[in-house]
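Chain residues, written in single-letter form:
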Amino acid sequence: MVSSKTEMPSTDSDLKIRRKARFKRLTYWLMADLTVAVVIFALLLYTPGLYKPAAISPADYKKGQVHPYLTYLSSEIYNGAQRGKPFELVVAQKQINEIITWSQWPKESEGIMFSAPVVLFVPGSIVFMGTAYIKGVEVVVTIVLEPKVDEQGLLNLQVAKVKIGAMNITPLAKMVAKRMYAQRLAALPIDKDALQTKIAGSLLNDEPFEPVIKVEGKKVRVEKITIAEAKSILHLVPTS
């Protein structure tokens, strides 16, 4: 059966209307893509208000010098271990930042340059912030840790959040960290019983570990960590 309707050939006017419509749609898409790109770029370049790198005078530091606060913390742990009773070690935010500032910065890793690190103790969390130079672009990286001791007495330095500027990249950062950790274990001879190795495994691979500190033949265990404003309190108990 033949339809009685016949298609009319497109006129120049119809073609112009269609072209204008397509041009408008293309323009809208381009504008939307550009807006998203600008927003992402702005988020990446955002500098958090909490980020205030500490300045240090060259006269305050001599190469290879140990910060007095490290000596103080070591002596507090030693004395507490010798007494053989539960004790608390208070770690102050200000002094920790002084210790970090005394290190040689900037440092390079995987082609990325890091500088001006800062540590903040906020209730329940430890916040690490620093400047990273990635292919000529300067951004502020924020890492939020939530250390917890579980019911088995194992400590996990859980990475709760990773941000570049104001953009949350936690899932991506954890995936990259796990891959790097696996590559390091496969490529280098590593003492898996060393405390620094266990800390790295916890940070990069969510591996809890026994938080035991050895001091002159004595051992103390971190039973609990309390993070308050501008300070962190380690609750330590002697262990055999």
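Residues numbered from 1 in each chain as written. Predicted model: local features only at pLDDT ≥ 70, side-chain atom pairs only at ≥ 80, totals over all residues. Heavy atoms only, no water.

This part takes up the sheet that holds strand β1 (residues 87–92). Across the sheet, which stays open at both edges, the four strands sit in the order β1-β10-β9-β8 with antiparallel pairing between neighbours. Two strands close off the open sheet at either side, each with one partner strand: β1 and β8 (212–215). Taking each pair of neighbouring strands and ignoring which way they run, the sheet shows an average axis angle of 35°. Direction of pairing for strand β9 (residues 218–228) relative to strand β10 (residues 231–239): antiparallel, over a ladder of nine bridges. Counted as the bridge partner of Lys224 is His235 from β10. Along the sheet, helix α2 (residues 68–83) contacts β1, β8 and β9; its crossing angle with β1, the most-contacted strand, is approximately 175°. In the packing of helix α3 (residues 93–102) onto the sheet, the strands contacted are β1 and β10, and the crossing angle to β1 comes to about 60°. (Pairing = 2+ DSSP bridges. Helix = DSSP H or I, 4+ residues; strand = E, 2+ residues; numbered from the N terminus. Axes fitted to C-alpha atoms, helices over the stretch in contact; angles between N-to-C directions. Contact = heavy atoms within 4.5 Å.)

Next up on the list: the confidence of the model for the protein chain. Per-chain confidence: the protein chain averages 87 in pLDDT, with 90% of residues scoring 70 or above. Ranking the elements of the protein chain by mean pLDDT puts helix α1 (residues 12–44) last with 76 and β1 first with 97. (pLDDT = per-residue confidence, 0-100.)

Moving on, we get to the pattern of salt bridges. Scanning all chains against the criterion turns up two salt bridges. Notably, a salt bridge pairs Lys178 with Asp206, separated by 3.9 Å at the nearest N-O pair. Here Lys178, found in helix α4 (residues 170–187), pairs with Asp206, found in the loop between α5 (195–205) and β8; they are 28 residues apart in sequence, far enough to count as distant. The exposure class assigned to Lys178 is partly exposed, which follows from its relative accessible area of 34%. Residue Asp206 is classed as partly exposed on the basis of its relative accessible area of 32%. Arg221 is paired through a salt bridge with Glu210; the nearest N and O atoms lie 3.1 Å apart. With Arg221 in strand β9 and Glu210 in the loop between α5 and β8, the pair connects residues that are 11 residues apart, well separated along the chain. On the accessibility criterion, Glu210 (45% relative accessible area) is partly exposed. (Salt bridge = Lys/Arg side-chain N within 4 Å of Asp/Glu carboxyl O. Buried < 20%, exposed > 50% of the residue type's maximum accessible area, 1.4 Å probe, protein only.)

The next thing to look at is the packing of aromatic side chains. Under the definition given, this model contains one aromatic pair. Between Tyr69 and Tyr72, the aromatic rings sit 5.5 Å apart at their centres with planes inclined by 25°, giving stacked as the arrangement. Remark: Tyr72 and Tyr69 occur in helix α2; sequence separation between them is three residues, near one turn of the helix. A cation over an aromatic ring shows up here: Lys107 above the ring of Trp105, its NZ or CZ 5.0 Å from the ring centre. (Phe/Tyr/Trp six-rings, centres within 6.5 Å; stacked < 30°, edge-to-face > 60°. Lys NZ or Arg CZ within 6 Å of the ring centre and 35° of its normal.)

A separate point is the sheet that holds strand β5 (residues 137–149). Taken in spatial order, the six strands make up an open sheet running β2-β3-β4-β5-β6-β7, and their pairing is antiparallel. Looking at which strands have only one partner, the edges of the open sheet turn out to be β2 (107–109) and β7 (167–168). Both strand β6 (residues 155–164) and β7 contribute to a ladder of two bridges, which runs antiparallel. For Ile164, the partnering residue across the bridge sits in β7 and is Met167.

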